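For reference, the chains in residue letters:
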Protein chains: 2
Amino acid sequence: MQDVATRAGVSRALVSMAIRGMEGVSAESKALILDAAAELGYRHNAVAAQLAARHSKSLGFFLLDIYNEVFADIFTGLRTRAEARDTRVVLSVGQPSPEAERRHVDGLLTAQVGTVVFAGTMLPDEALEFIARTVPVVTVTRLVPGIDSVACDDYLGGDLATKHLLEAGHRSVAYFGPLAGGLYPDRRNGYRNAMEQAGLQPRVIDAELNQLDAARAATELLQSEHRPTAIFAHNDIMAIGVMEAAAELGLDIPKDLSVIGYDDTRVSRLHRVGLTSVNQQASRLGEIAGDLALRRMNEQGGVAQHTLLTPHLVARSTVGTVS
Amino acid sequence: MQDVATRAGVSRALVSMAIRGMEGVSAESKALILDAAAELGYRHNAVAAQLAARHSKSLGFFLLDIYNEVFADIFTGLRTRAEARDTRVVLSVGQPSPEAERRHVDGLLTAQVGTVVFAGTMLPDEALEFIARTVPVVTVTRLVPGIDSVACDDYLGGDLATKHLLEAGHRSVAYFGPLAGGLYPDRRNGYRNAMEQAGLQPRVIDAELNQLDAARAATELLQSEHRPTAIFAHNDIMAIGVMEAAAELGLDIPKDLSVIGYDDTRVSRLHRVGLTSVNQQASRLGEIAGDLALRRMNEQGGVAQHTLLTPHLVARSTVGTVS
DNA sequence: TTGTATGCGTTATCAT
DNA sequence: ATGATAACGCATACAA
């Protein structure tokens with residue numbers, strides 16, 4: 001930096017300001033400095049800059065599962081906002097275990113991010129609140145008390161999906177989803193409520209949040225005595241697992257079994273798949289989370305903001321009618 | 001850190017060594033220090049640490065497309081290796097434009113990563129070589145002269161796929177892939193060579209590396225006068241685009257059209273899709289890239305290492321026979 | 001609009 | 001095995 005300053009005939013401080021695009025630098029000085037930097041092949045050292053700045057402007061983003069398109073959509077949405085205010089986003093990709101998740105959060109914190117946004121998390125509310133005492137936190141996809149959150153109305157989504165099945169004449173509808181930790185209960189509750197409203201018995205099947213375990217659970221259920229005529233899965237990945245299991249058993253969808261997923265991912269849209277699903281506006285969720293996080297960088301304190309988007313059902317061809 | 005040292009009754013230097021698990025600190029001192037750190041809620045500041053260390057041990061990972069599962073697999077493979085040698089990996093997710101890619105690389109470099117591995121890149125060899133003069137570079141999925149690289153034999157993969165089609169009796173086989181930049185020519189060349197060997201006319205269709213553009217190109221080709229009986233696509237995403245276009249046109253796969261993809265991704269394995277594809281051992285690619293990158297952190301210089309894995313074809317149900 | 005001085009939290013060197 | 005101290009590359013308050 002000193003070399004650049006010397007070459008441009010100015011001080012180091014001015015170089016610093018010019019490079020970061022601060023105001024208070026004359027246009028000609030700035031040009032001189034930028035030229036000198038380019039000629040010298042100078043590269044701004046972000047780590048030194050952050051250390052000197054005494055505060056972090058970088059935004060940590062934790063993403064639960066890199067194989068789940070929803071999180072990619074959320075990331076994409078958030079990135080547009082971060083780029084617009086040119087703040088660096090430090091990505092951390094989760095692994096399916098709570099302890100791994102703690103490690104990743106720790107990594108984000110030692111990387112000195114200014115905020116951390118969780119796109120999906122297996123951490124309980126208390127853990128999140130604890131982290132929030134250190135650094136501003138925003139959660140996406142889940143509303144947690146006292147913490148900035150954005151989500152899509154899962155209860156309504158569950159209601160929508162279930163009623164869609166009910167309207168098609170189904171009476172025996174099972175829900176597939178993870179029970180562990182009681183972390184994402186709303187879709188299940190929406191389902192449960194809709195069933196009970198219709199005077200029907202809810203049937204909740206506990207399965208992990210991945211294709212394989214959903215397939216395992218479905219294989220078991222579909223061979224049981226009272227096989228349901230429809231299954232509502234917690235997300236598309238699990239729904240795909242159910243469909244695979246059904247195919248394996250020689251069951252036709254939607255003739256023998258109807259299936260609804262959640263997330264409206266690319267695979268659900270394929271002609272060959274045509275999975276009816278619930279769209280939760282993932283990229284919009286990401287944008288809002290980005291705005292929230294960016295705001296928190298500047299003004300801490302104040303009351304936590306909760307935003308709830310509205311889901312909509314996308315009907316395709318995995319739901320059949322039952323007389 | 002000073003507080004921790006005081007509380008543990010030792011010097012700052014010793015705290016630094018204890019926290020990083022270096023040798024040369026007695027077990028009892030270490031225990032004392034770790035306890036003090038925990039009680040004080042001390043968190044190691046990675047940015048200060050890196051600045052003081054005068055060299056970076058973090059590994060930059062650029063991933064071309066977050067929606068392409070292959071890159072996720074590569075990342076996963078690389079991460080296992082990085083974790084084993086506990087080095088932090090700084091992720092950078094690409095956007096479909098070369099200029100965006102340059103920005104991302106720049107971001108990695110100003111973040112002071114010690115190595116950068118490219119999982120897919122649209123940058124020309126020269127640009128990569130230029131970057132390699134600043135920091136050790138390793139490319140995955142593409143072999144570039146003078147730079148550590150790991151890839152799977154694309155030429156052989158192209159050959160495998162084409163011959164599979166030829167053996168099923170196809171004579172009119174088109175290849176779908178990106179021509180721009182001439183960046184990934186081997187699959188195409190493997191195809192071309194296999195066709196010519198069989199005395200057939202290669203038919204290369206230029207399409208961008210995404211589902212939509214593949215679908216657009218396929219819609220056009222499949223309505224043309226001499227419609228091919230089979231299409232070999234550069235990757236599964238494009239193959240899916242072709243299949244969607246075919247479905248839209250009312251063509252049956254594999255009766256009216258055979259399709260082969262590349263990457264053997266999850267979607268290709270679905271019963272309803274059953275896309276014949278070429279597996280390129282993506283996670284293994286990532287592991288090797290990780291090893292290469294880790295090695296380069298310690299010993300720079302020397303000759304670049306190139307590793308070429310062997311692909312294999314996974315036959316499913318999108319290839320039909322032609323008499 | 002520009003220059004100077006100070007310190008950010010750590011690592012590494014050297015001494016003990 | 002442990003302690004003192006000089007960097008690391010930059011941002012920023014303050015003076016000019």
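Just above sits the structure.
The sections below set out a description of the structure shown in this document. (Residues numbered from 1 in each chain as written. Chains lettered and ligands numbered in written order. Predicted model: local features only at pLDDT ≥ 70, side-chain atom pairs only at ≥ 80, totals over all residues. Heavy atoms only, no water.)

1. Concerning the packing of helix H8 (residues 154-167) of chain A against helix H9 (residues 186-197) of chain A
Residues and elements named next belong to chain A. Close contact between H8 and H9 brings their axes to 6 Å; oriented N to C, the two are set at 40 degrees. The angle between H8 and H9 falls in the class oblique. Between H8 and H9 lies a crossing of right-handed hand. Residues Asp154, Tyr155, Gly158, Asp159, Thr162, Lys163 and Leu166 of H8 lie in contact with H9, whose contacting residues are Asp186, Arg187, Asn189, Gly190, Tyr191, Asn193, Ala194, Met195 and Gln197. By residue class, the composition of the contact of H8 with H9 is five nonpolar, six polar and five charged. (Axes fitted to C-alpha atoms, helices over the stretch in contact; angles between N-to-C directions. Helix = DSSP H or I, 4+ residues; strand = E, 2+ residues; numbered from the N terminus. Parallel < 35°, antiparallel > 145°, perpendicular 65-115°, else oblique. Left-handed = near helix turned anticlockwise from the far one by under 90°. Contact = heavy atoms within 4.5 Å. Nonpolar A, V, L, I, M, F, W, Y, C, P; charged D, E, K, R; others polar.)

2. A closer look at H8 of chain A
Residues and elements named next belong to chain A. The end-to-end C-alpha distance of H8 is 20 Å, a good match for the 20 Å that 14 residues give at a rise of 1.5 Å each. Between a side-chain oxygen at the N-terminus of H8 and the backbone nitrogen of Tyr155 the separation is 3.2 Å; the capping residue is Asp153. Just beyond H8, the residue with positive phi is Gly169, at close to 100 degrees. (Expected span 1.5 Å × (residues − 1). Polar contact = N/O pair within 3.5 Å; in protein donor to acceptor, adjacent residues only side chain to side chain.)

3. Focus: the interface of chain A and chain B
Contacts between the two partners involve 46 residues from chain A and, on the opposite side, 46 residues from chain B. A buried area of about 4100 Å², summed over both sides, lies between chain A and chain B, and 53% of it is on carbon and sulfur atoms. Ranking the residues of chain A by area buried against chain B places Arg43, Tyr67 and Arg272 of chain A at the top, with a combined share of 19%. Linking chain A with chain B are four salt bridges, by the criterion used here. The shortest N-O distance in the salt bridge between Arg103 of chain B and Glu83 of chain A comes to 3.0 Å. Counting across the chain A and chain B interface gives 27 residue pairs in polar contact (both at pLDDT 80 or more). Counting only elements with at least two residues in the side of chain A that touches chain B, the list comes to helix H4 (46-53), helix H5 (69-84), strand E2 (89-93), helix H6 (98-110), helix H11 (236-248) and helix H12 (266-269) of chain A. For the side of chain A that touches chain B, the element with the highest residue contribution is H5 of chain A, accounting for seven residues. Classifying every residue of the side of chain A that touches chain B gives 21 nonpolar, 12 polar and 13 charged. (Buried area = accessible area lost by both parts, 1.4 Å probe. Salt bridge = Lys/Arg side-chain N within 4 Å of Asp/Glu carboxyl O.)

4. Quick word on the relation of the copies chain A and chain B
Taken as rigid bodies, chain A and chain B are interconverted by a rotation of 180 degrees and an axial shift of 0.0 Å, the fit giving an RMSD of 0.1 Å. Taken together, the turn and the small shift mark the pair as related by a two-fold rotation axis. Both copies present the same face, since 100% of the interface residues in chain A are matched by interface residues at the equivalent positions in chain B. (Least-squares fit on C-alpha atoms with pLDDT ≥ 70 in both.)

5. Overview of the protein's contact with DNA strand C
In the region of DNA strand C, 24 residues are neighbours, and Ser11 and Ser29 of chain A together with Ser16, Tyr42 and Ala52 of chain B sit closest. Near the protein, within 4 Å, the atoms of DNA strand C are sugar or phosphate in 71% of cases. The contact in question runs from a phosphate oxygen of DNA strand C to an N or O atom on the side chain of Arg20 of chain B, over 3.0 Å. Contributions of two or more residues to the surface near DNA strand C are made by helix H2 (12-19) and H4 of chain A together with helix H2 (12-19) and helix H4 (46-53) of chain B. Here the surface near DNA strand C takes four residues from H4 of chain B, the largest share from any one element. (Near = heavy atom within 4 Å.)

6. What to know about the nonpolar core
Counting 92 residues, the largest nonpolar core has Phe61 of chain A together with Phe61 of chain B as the members making the most contacts within it. Core analysis: the second largest hydrophobic core is formed by 54 residues, Leu222, Val242, Met243 and Leu251 of chain B among them. (Core = buried A, V, L, I, M, F, W, Y, C linked by side-chain atoms within 4.5 Å. Buried < 20%, exposed > 50% of the residue type's maximum accessible area, 1.4 Å probe, protein only.)

So yeah, pure geometry; function would need other evidence.
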